Amino acid sequence: MEAVEYKSKQKMKPQQQMNGAQAVVHSLLAEGVDLIFGYPGGAIMPVYDALYDYEKELNHILVRHEQGATHAAQGYARASGKVGVCIATSGPGATNLITGIADAQIDSTPMVCITGQVASSLLGTDAFQETDVIGISMPVTKWNYQVTRASEIPGALAKAFYIARTGKPGPVLVDITKDAQFEMLEFSYKPFKGMRSYVTCPTLNLSKVQQAAEIINSAKRPLVLFGQGVILSGAESQFQNFIEKAGLPSAWTIMGLSALDSDHYLNVGMLGMHGNYAPNKLTNECDVLIAVGMRFDDRVTGDLSRYAKQAKVIHLEIDPAEVDKNVKADVAVLGDAKEALVALGQLVERKEHQEWLQEFRKLEFEEYSEVIKEELNPSQEQLTMGEVIRSVNDHTEGKAIVVTDVGQHQMVSCRYAKFKQSRSLITSGGLGTMGFCLPAAIGAKFAKPNREVVAVIGDGGFQMTIQELGTIFQTKIPVKIVVLNNEFLGMVRQWQELFFDKRYASTTMVNPDFQKIVEGYDIKSKKVTEREQLNGAVEEMLDFEGAYFLEVKVGKENNVFPMIPTGASVSEIRLK
C-alpha cells in the first residue's frame, strides 16, 4: 500500500502542534488507512479519544477479543493487498495480539499493530497492565519499536508501514507509552524512504536467470511448485505466461492457491500432506524442480533426506534466508517474483512436455477413482465435507472468497474449492491457528464488500473465536458462515485413528446448540442434516442479503485422503 496525501477535518499546516495520540491518528491518515480493528483500554485510551473526532475518515471496528483484531486485520490484508491495522491496550490487550502476529509473520501478511503501554516512568516496575510486549513480540515480528516521546510517533509509524509492506511482507508492532500519547509535538509526516541496513529486494542477477533458463530448456520432466510469493508480488499473469510458454506442470502450496486458475491445463494440484496424489508422487520423479515464491515447508517436503534428490532445483525467492534453508538449490534466483518471471519467461523455449503431463493425468485418475469420487458422490448416508464445499463452490461459480479455519475442513476446502481469480483463498498456513477463520472472514468482507465471502469452519475452531459473532451483530457485515460439524476435533481424531489405535483422547466435542447462540446475535441460521437439504440451504444462504449461519452435520469419522504420514517421503503418499 502506497502512502497517500491525506485530508483531515482541519486544514493541516506543514507543521501543527498536537498531542501524541492525535499524531497517531494523523499518521494513519497519511498512510491511507481508512479501517482499523481494535479494542480499547486504559493505556491506549488517549488514541481512542483522538479517533473519536475522525470516525468518518477512520472506520474503527470494535472486535470482541484482541486476537480477533489481528485475524481480522490479516483477512483484510490478504483480500486487499493493503496493510492491515489493529490496535490494543497494554498488558493482556497486547499479549492477546501475539497469536495473530505470529500467524502473520509466518504467512508473510503485512500488518501494523499499535499497542498502548504504561507511562515511561513506570516501565520495568511491574505496573498495572504492564508487559514487555517488545520482548514478547520480537521473535514474531518483522520489526518492533517502543515509543516513549511524542516526537518519535510520526517517524516510527512511517517506518512501520514501510517495513510491513515492502520486500517480504510481515507484521510490525509499535508500542507507545501513555505519557507519549499525552505529550505535545510539532507534527509533520514524511513517508519513510528506506535505510541501508534493510534491503527490501535483492537485485536480480541476470546470469542466474540465464543458468535457470538453460536448465529448464534441457529438462524432460520439469515440475513447478508455486506459493504465495506469486500473489504477493502481483505476478499472476507473468507466472501464467512463463509456464504456458515452457509447458510446465505446476503445483501449488495452500498459500499459493488461486494464483492460477484451478482449471488451467497446467495446474496439477495441491502439494503437501493432504495434497493431490500426482504432484506429490512425481516430485521424486521430475528432473527439474522450479520453486517460485515458496519456502519448502515441512508439510510440503515430507522427509527431506528423500525429497527430490534426483532433480536439479531452481529457487525463485525474495528472501535470501529461505534459500538453501531446507532444500539445496542448484540455482537460486533472488529477487521479486514478477521481475524474475518476466526475465525468465523471455529466455525459456516454447515446449509442451505432453508425455510428462500424461503421467500426471494417470495419477489424477487413480486419485479420482480411489478418493475423490466417493468424497464428492458418496455412497454413505452421512454428508461429506467435500460435497458441502462442492455445493458452495458451484453456487458461487468459484467467484467467492473462501476463508477457512484449520483442520480437516481446511484441507478439504483447499482440495475441492475451485477458483478463477487470485486472492480467493484465505487460510492460516504456517501457524495453523484454530480460531483464525471467523474474524479473518470479517476482515476480508470489509476489504472486498462486493465479493461474496464464505467462512468455512469446523465445530472446534468456531468455538475458539465464537465471540466475534458480536462484531458481525454490531457492524451488520454480511459474512456467510458454514460450520462443518462432525462433533470431533477431526484432524487430531484422524491421526488418533491411524497412528494411535483409535484412542480418541480428548477429541470428542460435546457442542452447544449453535442455532440458539447464533440467533441470539440476530443472525439468520439453518441446520442441515440430510443430503437432500444441502443445495437448497446453500442457495438460501447465498441469496440472503445479511449475515447467515449454516451448520452442516457431516460424517463423524470421515478422513481426509490422500495423506503423507509424518516422517514419510512424498513418494509414500497414501490414498487410503
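Model, not experiment: these values are computed from the prediction.

> Help me understand the overall build of the protein in this model?
A count of helices and strands for the protein gives 23 helices and 20 strands. A compact globule built from 576 residues should have a C-alpha radius of gyration of about 25 Å, and the protein, at 24 Å, falls within 12% of that. With the C-alpha coordinates aligned to their principal axes, the bounding extent of the protein is approximately 70 × 60 × 40 Å. Considering the protein as a whole, with its 576 residues, one finds that 60% of them fall into the buried category. Residue pairs at least 24 apart in sequence account for 77% of intrachain contacts in the protein once pairs closer than 6 positions are excluded. Carbon and sulfur atoms form 49% of the exposed surface of the protein, whose accessible area is close to 23100 Å².

> So what exactly am I meant to see when it comes to the sheet that holds strand E12 (residues 288-292) here?
Strand-to-strand pairing in sheets goes through backbone hydrogen bonds, with the strands running parallel or antiparallel. Pairing is parallel in the open sheet, where 6 strands are placed in the order E11-E10-E9-E12-E13-E14. Of all the strands in the sheet, just strand E11 (267-270) and strand E14 (331-334) have a single pairing partner and so form its edges. Across this sheet, the average inter-strand angle for adjacent strands is 20°, counted without regard to direction. Two strands pair when backbone bridges link them, and E12 and strand E13 (residues 312-317) are joined in this way by 5 bridges, in the parallel orientation. Counterpart to Ile290 in the pairing with E13 is Ile314. Helix H9 (residues 206-218) contacts E12, E13 and E14 of the sheet and is inclined by roughly 130° relative to E14.

> Could you clarify how one ought to interpret the side chain of Asp107 in this entry?
Structurally, Asp107 can be placed in the loop between helix H5 (98-106) and strand E5 (111-117). Here Asp107 sits buried without a salt bridge, and the closest side chain of opposite charge, Arg78, lies 4.1 Å off (N-O distance). Of note is the side chain of Asp107, whose polar atom sits 2.9 Å from the backbone nitrogen of Gly430. Non-local contacts of Asp107, meaning those with residues more than four positions away in its chain, are made with Arg78, Gln228, Met255, Thr427, Ser428, Gly429 and Gly430.

> Hey, could you run me through the confidence of the model for the protein in this one?
Should the pLDDT be low somewhere, the predicted coordinates at that spot are not to be read in detail. Counting all residues, the mean pLDDT for the protein is 96, and 98% of those residues have values of 70 or more. A low-confidence stretch, residues 1-11 (pLDDT under 50), is modelled with 32 contacts involving residues beyond four sequence positions or located in other chains.

> Help me out: how do you make sense of the packing of helix H3 (residues 66-80) against H5 in this one?
Packed helix pairs are specified by the crossing angle of their axes together with the interaxial distance, meaning the distance between the axes. Running from amino to carboxyl end, H3 crosses H5 at an angle of 25°, the nearest separation of the two axes being 7 Å. It follows that H3 is roughly parallel to H5 by the angle criterion. Note on element contacts: H5 touches H3 through Thr99, Gly100, Ile101, Asp103 and Ala104, opposite Gln67, Thr70, His71 and Gln74. The class makeup of the residues in the contact of H3 with H5 is 2 nonpolar, 6 polar and 1 charged.

Rules and cut-offs
- Residues numbered from 1 in each chain as written.
- Predicted model: local features only at pLDDT ≥ 70, side-chain atom pairs only at ≥ 80, totals over all residues.
- Heavy atoms only, no water.
- Helix = DSSP H or I, 4+ residues; strand = E, 2+ residues; numbered from the N terminus.
- Rg over C-alpha atoms; globule rule 2.2 N^0.38 Å.
- Buried < 20%, exposed > 50% of the residue type's maximum accessible area, 1.4 Å probe, protein only.
- Contact = heavy atoms within 4.5 Å.
- Areas by Shrake-Rupley, 256 points an atom, 1.4 Å probe, with all protein chains shown as cover.
- Pairing = 2+ DSSP bridges.
- Axes fitted to C-alpha atoms, helices over the stretch in contact; angles between N-to-C directions.
- Lys, Arg positive; Asp, Glu negative; His and termini not counted.
- Salt bridge = Lys/Arg side-chain N within 4 Å of Asp/Glu carboxyl O.
- Polar contact = N/O pair within 3.5 Å; in protein donor to acceptor, adjacent residues only side chain to side chain.
- pLDDT = per-residue confidence, 0-100.
- Parallel < 35°, antiparallel > 145°, perpendicular 65-115°, else oblique.
- Nonpolar A, V, L, I, M, F, W, Y, C, P; charged D, E, K, R; others polar.

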